[in-house]
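Structural characterization, general
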Amino acid sequence: MAYSEKVIDHYSNPKNVGTLDKNSKNVGTGLVGAPECGDVMRLQIEVDEVTGIIKDAKFKTFGCGSAIASSSLATEWLKGKSIDEAGAIDNMDIVEELNLPPVKIHCSVLAEDAIKSAINDYRVKNGLPELVEEKAH
Amino acid sequence: MELKFPIYLDNNATTPMDQRVLDTMLPYFVEKFGNAASRNHSFGWVAEEAVDYAREQVAKLIGADPKEIIFTSGATEANNLAIKGVFEMYASKGNHIITCTTEHKAILDTCKHLEKQGGAVTYLQVQPDGLIDLAELEKAITPKTILITIMYGNNEIGVVQPIREIAAIAKKHGVLFFTDGTQAVGKIPVDVLADGIDLMSFSGHKMYGPKGVGCLYVRRKNPRVKVTAQMDGGGHERGMRSGTLNVPGIVGFGRACELCMQEMDAEAVRLSAMRDRLEAALTQIDESYVNGNIQHRLPHVANISFKYVEGEGLLMGFNKQIALSSGSACTSASLEPSYVLKSLGLGDDLAHSSLRFGLGRFTTDAEIDYTIKAITETVLKLREMSPLWEMFKEGIDLDKIEWAHH
């Protein structure tokens, strides 16, 4: 299967690989997927306490090139967004941006789940109600 | 020597054809195009003579009589002919077949097909090293057992089954023994008499011959084995496989067998030295594991799992430079990890993290050097990106985490 140029670029030069302090109050961590399924994504956001804007985002992903690219792209998109705006990122936006083929759509779903999970971790830590999953995958 | 890209290390999928094989085949397309079954003119005689010669070359490689070789379109057809043919021919004796879980799909799916036709099939589990348990095999035999079908060498992990011992058990119980020899024939010495094999399939394109040609060895003496034809027609190949013979393909297959016979011993030494060097270097990487028994193994095959990196992602790191296969079938649409590796008891995580190396006649030391370097670099790079590797390094037990399954 041929990968799109954008997937290859994110795979070769992933953006924002790394780790934030998961115990910090203004860091939200999302860990989704499972080793048995061949994909695990960990996505972290660091939120500016004053402005409520995501000032940093990091990821680490175990998975195929499309999974790595989806999470790399997600971190790029997250930076500079409010957590509400971040929660609105849809997996199909990722599919479109990376030209993912149908068998790789689950990678984008996983990235969306990771974003939501990171946001919820942040919300819970800060006494906010969890976002409710609006659509079932 | 200058490297040429991409490097081909997927010789278990198919081999490039040897130029010497092509040269032997070429006259049989345009100039000597006759039908080997045309008995009344020289075109037919020339073709028939060429087929007879190739049949001798093929038979010689496995210590058979030329009359025992039934040419087919490849190993898949030969596997179907052997299993379905025995099932039909020996229906009055029984309906039970014994095989194992790491067989090729052409065996497993044929067996599954027969289960729908009233067949009973036992799928033996393999041991963690990929070998079958001979005691389990013997225990599985019933008065209704007509066939044991166990492959010679495995296509994913290269493990070579204890063929002579299996044959002895089969003989003791009066059961026929068929082996899929596709990966082994031409790579290691195979002798149907010494090994006690009753039927064996193999294929041209796994041994530097052309695609679209293979054969089934069917023993003619002690016992005389018969299979019911699965293709009806002109009664070619002693009535077991009708259809005009693929003369150029058969000529190439014969030549390929001859070359393997001449070069096999030296080639096995050369390939296993390269394979061992590759394996030693790659297992220097932390948390990398060789899959399958390493004593009983084809000389050109290695299967290695690199824990905490995913196979398809790993391949992407060098798939422009190196043609390799992931042990997991992720590159197909199924996204399922390899059933062979899972049969060894590997968890899905390790099965998802494996690469299969198939070295071949044209593999060079320089290519192995490049491969070692490229894979090592990619594994290390992906580990830096892997949350599992980070957790492992922190001493977190990944088995204790409740993963969100999709």
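Residues numbered from 1 in each chain as written. Chains lettered and ligands numbered in written order. Predicted model: local features only at pLDDT ≥ 70, side-chain atom pairs only at ≥ 80, totals over all residues. Heavy atoms only, no water.

To continue, consider the packing of helix α2 (residues 42-61) of chain B against helix α8 (residues 247-282) of chain B. Residue and element names in this part refer to chain B. Contact geometry of α2 with α8 gives a least axis separation of 8 Å together with a crossing angle of 30°. As for how α2 packs across α8, the hand of that crossing is left-handed. Together, Ala47, Ala50, Val51, Tyr53, Ala54, Gln57, Val58, Lys60 and Leu61 of α2 and Val247, Ile250, Val251, Phe253, Gly254, Arg255, Cys257, Glu258, Cys260, Met261 and Met264 of α8 make up the contact between the two elements. Broken down by class, the residue content of the contact of α2 with α8 amounts to 15 nonpolar, two polar and three charged. (Axes fitted to C-alpha atoms, helices over the stretch in contact; angles between N-to-C directions. Helix = DSSP H or I, 4+ residues; strand = E, 2+ residues; numbered from the N terminus. Left-handed = near helix turned anticlockwise from the far one by under 90°. Contact = heavy atoms within 4.5 Å. Nonpolar A, V, L, I, M, F, W, Y, C, P; charged D, E, K, R; others polar.)

All names here are of chain B. Ordered in space as β9-β10-β13-β12, the four strands form an open sheet in which the pairing is antiparallel. Looking along the sheet, the strands with just one partner apiece sit at the ends: β9 (288-290) and β12 (325-326). Two elements, β12 and strand β13 (residues 354-358), share two bridges in a ladder whose sense is antiparallel. Paired with Ser326 across the two strands is Leu355, which belongs to β13. (Pairing = 2+ DSSP bridges.)

All names here are of chain B. Residues of helix α6 (residues 163-172) that are buried: Ile163, Ile166, Ala167, Ile169 and Ala170. Angularly, the buried residues of α6 cover 160° about the axis, an arc narrow enough to put them on a single face. Exposed residues lying more than 90 degrees from the buried face of α6 are Lys171 and Lys172. Along its buried surface, α6 packs onto α5 (134-140), β5 (145-149), β6 (176-180) and α7 (192-195). (Buried < 20%, exposed > 50% of the residue type's maximum accessible area, 1.4 Å probe, protein only. Arc of directions from axis to C-beta.)

Moving on to a positive patch on the surface. Taken together, B:Lys67, B:Lys221, B:Arg224, B:Lys226 and B:Arg238 make up a surface patch of like positive charges. Secondary-structure assignment places B:Arg238 in the loop between β8 (214-218) and α8. (Patch = residues over 30% accessible without salt bridge, like charges linked within 9 Å, V, L, I, M, F, W, Y side chains within 5 Å. Areas by Shrake-Rupley, 256 points an atom, 1.4 Å probe, with all protein chains shown as cover. Salt bridge = Lys/Arg side-chain N within 4 Å of Asp/Glu carboxyl O. Lys, Arg positive; Asp, Glu negative; His and termini not counted. Charge placed at Lys NZ, Arg CZ, Asp CG, Glu CD.)

Taken residue by residue, the interface counts 31 residues in chain A and 30 residues in chain B. Taken together, the two surfaces of chain A and chain B that pack against each other cover about 2,600 Å², and 64% of this comes from carbon and sulfur. On the chain A side of the interface with chain B, the three residues burying the most area are A:Tyr11, A:Glu36 and A:Phe62, jointly 26% of the side's total. Joining chain A to chain B, the criterion identifies three salt bridges. (Buried area = accessible area lost by both parts, 1.4 Å probe.)

With that out of the way, let us pick up the confidence of the model for chain A. Caution is warranted with low-pLDDT regions, since their predicted coordinates should not be read in detail. Residues at a pLDDT of 70 or more form 96% of chain A, whose mean pLDDT is 92. Within chain A, the lowest mean pLDDT, 94, falls on helix α3 (residues 83-87) of chain A, and the highest, 97, falls on strand β3 (residues 54-62) of chain A. (pLDDT = per-residue confidence, 0-100.)

In this section: unusual backbone geometry. Residue and element names in this part refer to chain B. Note the cis peptide between Phe5 and Pro6, where omega equals -5°. With respect to the element layout, Pro6 can be found in the segment before β1 (7-8). A cis amide bond links Asn222 to the next residue, Pro223, at an omega of -5°. Of note, Pro223 is situated in the loop between β8 and α8. The backbone phi angle of Arg238 is positive, close to 55°, even though this residue is not glycine. Classification of Arg238 as partly exposed rests on a relative accessible area of 39%.

Attention now goes to the pairing of strand β2 (residues 39-47) of chain A. All names here are of chain A. Counting buried residues in β2 gives nine out of nine residues, a clear majority hidden from the surface. Both faces of β2 are covered, namely the face carrying Asp39, Met41, Leu43, Ile45 and Val47 and the face carrying Val40, Arg42, Gln44 and Glu46. By the bridge criterion, eight bridges tie strand β1 (residues 27-34) to β2 in an arrangement that is antiparallel. In the strand pairing of β2, Val32 is matched with Met41. In this structure, the hairpin formed by β1 and β2 is closed by a connection of four residues, where Gly38 is found at a positive phi of approximately 85°.

Attention now goes to the nonpolar core. In terms of nonpolar packing, the biggest core is built from 63 residues, with B:Ile62, B:Ile148, B:Met200 and B:Phe202 touching the most fellow members. Aside from chain neighbours lying at most four places away, what touches B:Met200 is B:Ile62, B:Tyr152, B:Phe178, B:Thr179, B:Gly181, B:Val185, B:Val190, B:Val192, B:Cys215, B:Leu216 and B:Tyr217. (Core = buried A, V, L, I, M, F, W, Y, C linked by side-chain atoms within 4.5 Å.)

Residue and element names in this part refer to chain A. Take Val47: it is sitting in strand β2. Sequence separation of Val47 and Ile119 is 72 residues, and the distance between their C-alpha atoms is 9.6 Å. Residues in contact with Val47, not counting those within four places in the same chain, are Asn26, Gly52, Ile53, Ile54, Ile83 and Tyr122.

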